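# Observations on the model geometry
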Amino acid sequence: MRALILVMDSVGIGSAPDAVNYGDEGADTVGHVADACMAGHADSPQREGRLRVPNLVALGLGEACHLATGRVPPGLDGRVQFARYGCASEISRGKDTPSGHWEIAGVPVAFDWGYFPKIQPCFPRDLVEKLCELAGLPGILGNCHASGTDIISEFGERHMRSGEPICYTSADSVFQIAAHEETFGLERLYEVCTIARRLVDPLNIGRVIARPFVGSNAHDFKRTSHRRDFSVPPPERTILDLAQLSGRDIVTIGKIDDIFAHRGTGRNLRGDGNAALFDATLDGLASLAEGGLLFANFIDFDTLYGHRRDVAGYAAALEAFDARLPELLNRLRSDDLLIITADHGCDPTWSGTDHTREQVPILAQTAQSMSPIGRRAGFADIGATVARHLDLPAPLHGAHF
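Residues numbered from 1 in each chain as written. Predicted model: local features only at pLDDT ≥ 70, side-chain atom pairs only at ≥ 80, totals over all residues. Heavy atoms only, no water.

To continue, consider the sheet that holds strand β9 (residues 250-253). One open sheet holds the eight strands; their spatial order is β10-β9-β11-β1-β12-β13-β2-β14, and the pairing between them is mixed. For this open sheet the edge positions go to β10 (267-269) and β14 (374-377), each flanked by a neighbour on one side alone. Across the sheet, the axes of successive neighbouring strands diverge by a mean angle of 20 degrees, strand direction being ignored. Summarising the sheet, β9 and β10 pair through three bridges and their orientation is parallel. Note that in β10 the partner of Ile-253 across the bridge is Leu-269. The sheet contacts of helix α12 (residues 311-329) involve β1 (3-8), β11 (293-298), β12 (337-341) and β13 (360-365), and relative to β1 the element is tilted by about 175 degrees. Strands in contact with helix α13 (residues 380-389) are β1, β11, β12, β13 and β14; relative to β12, the strand with the most contacts, it is inclined by about 170 degrees. (Pairing = 2+ DSSP bridges. Helix = DSSP H or I, 4+ residues; strand = E, 2+ residues; numbered from the N terminus. Axes fitted to C-alpha atoms, helices over the stretch in contact; angles between N-to-C directions. Contact = heavy atoms within 4.5 Å.)

With omega at 0 degrees, the peptide bond leading from Gln-120 into Pro-121 counts as cis. Relative to the helices and strands, Pro-121 resides in the loop between α4 (97-104) and α5 (125-135). The backbone phi angle of His-262 is positive, close to 60 degrees, even though this residue is not glycine. Residue classification places His-262 among the partly exposed residues on the basis of a relative accessible area of 44%. (Buried < 20%, exposed > 50% of the residue type's maximum accessible area, 1.4 Å probe, protein only.)

Taking burial as the measure, the five residues of β12 include five buried ones, the bulk of the element. Alternating residues of β12 divide into Leu-337, Ile-339 and Thr-341 and Leu-338 and Ile-340, and every residue in both groups is buried. When β1 meets β12, the two strands line up parallel, connected through five bridges. For Leu-4, the partnering residue across the bridge sits in β12 and is Leu-338. In this sheet, β13 lies alongside β12 in antiparallel orientation, the contact comprising three bridges. Paired with Ile-340 across the bridge in β13 is Leu-363.

What follows concerns the side chain of Thr-252. Its location among the elements puts Thr-252 in strand β9. A distance of 2.8 Å separates a polar side-chain atom of Thr-252 from the backbone oxygen of Thr-265. Within the local environment of Thr-252, its side chain forms a polar contact with the side chain of Asn-268, the two groups lying 3.1 Å apart. Setting aside chain neighbours within four positions, we find Thr-252 in contact with Leu-240, Asp-257, Thr-265, Arg-267, Asn-268, Leu-269 and Phe-295. (Polar contact = N/O pair within 3.5 Å; in protein donor to acceptor, adjacent residues only side chain to side chain.)

Further remarks concern the nonpolar core. With 84 residues, the main nonpolar core has Leu-6, Leu-76, Leu-294, Phe-295, Phe-301, Phe-321 and Val-386 as its most contacted residues. In terms of residue count, the dominant contributor to this core is α12 (ten residues). Apart from the residues within four sequence positions on either side, Phe-295 is in contact with Ile-5, Val-7, His-101, Ile-104, Ala-105, Leu-240, Val-251, Thr-252, Ile-253, Ile-256 and Phe-260. Counting 27 residues, the second largest nonpolar core, distinct from the first, contains Cys-132, Leu-186, Leu-189 and Ala-210. (Core = buried A, V, L, I, M, F, W, Y, C linked by side-chain atoms within 4.5 Å.)

Moving on: the environment of Gly-163. Summarising the element assignment, Gly-163 is placed in the loop between α6 (148-162) and β4 (166-169). The class of Gly-163 is partly exposed, set by a relative accessible area of 22%. Sequence separation between Gly-163 and Gly-139 is 24 residues, and the spatial gap between their C-alpha atoms is 8.2 Å. Not counting residues within four places of it along the chain, the set of residues in contact with Gly-163 comprises Pro-138 and Phe-184.

Now the structure itself:
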């Protein structure tokens, strides 16, 4: 038997029970995208009309939305075929990428991450001074909460002249460093991030993120696929660790290896965007040995469309992902387990640019017997189910379905 976990990054399906504590009561990524499509507010050169994701519907996306919110979003009604569906609410305290992925892998985050305050400058003075000293920097730009694309447009040209990297944060537990790949250098950016990783450890910051970009001026700056996340490792053994300790074949796709600090992540395959990541997933599946685990992240939903509040782009990305699903489904063996889920929400109709605290879908397909999934308290039930399917030791958290 083999198992695959596909994470549609930020594809939430309705506000979580505790969303009010995060200012996200009423957020609904899939539901609001579908509403906008039906109202004609998500038409673009890439798509038009109602949201069309027939393969996800057949896997149970519409019914999972109904479990989460009490309604099936427009365009998502249809018969579920050969799959189980459910929804889950996160028990980790954050609504960030590591918390969501670690919990999926069987390790909920029971502690509070460190965050930088919404003031300017937002970083402690001694942190900035030490970073500049150890990395040989003339200074930094930004030093605030910001959208990544906006702050690069604002400071990119000055950065290219001065050699000062652009440092910023968000509502997540992150220290982000943007720099030009050519004038600053990609390897130097990674070195600066490595130093920053050590410096923010005492502050309990989840990730230092390298945000390289190219271009010559504010009108054509573009972030590249050479992003790297410098994460702290999970505090307990994940299903990746359990698979590695059992000598299983492991393939990770996209930023999964960064999210888990390269622990138990096996062979990692990268790709620039969802289409390339889907290609990598197919390649990884083709080489996945018996008893192996494939864990993939599809980042475009979140980075390109959720944070940028691009409803039409989000809808087009969902439809493009859906259109490729038959390529994967047709390659599955009868005893494979496929689970498609998400790590949090990022409602493109919501205010601000941050993640939204939402429930996530659980869409599972296998020929093996499986109980109805229903509503689950915690993402860790996914990891527990994968462990049982692969005959691995049970993780400390979660109940299999």
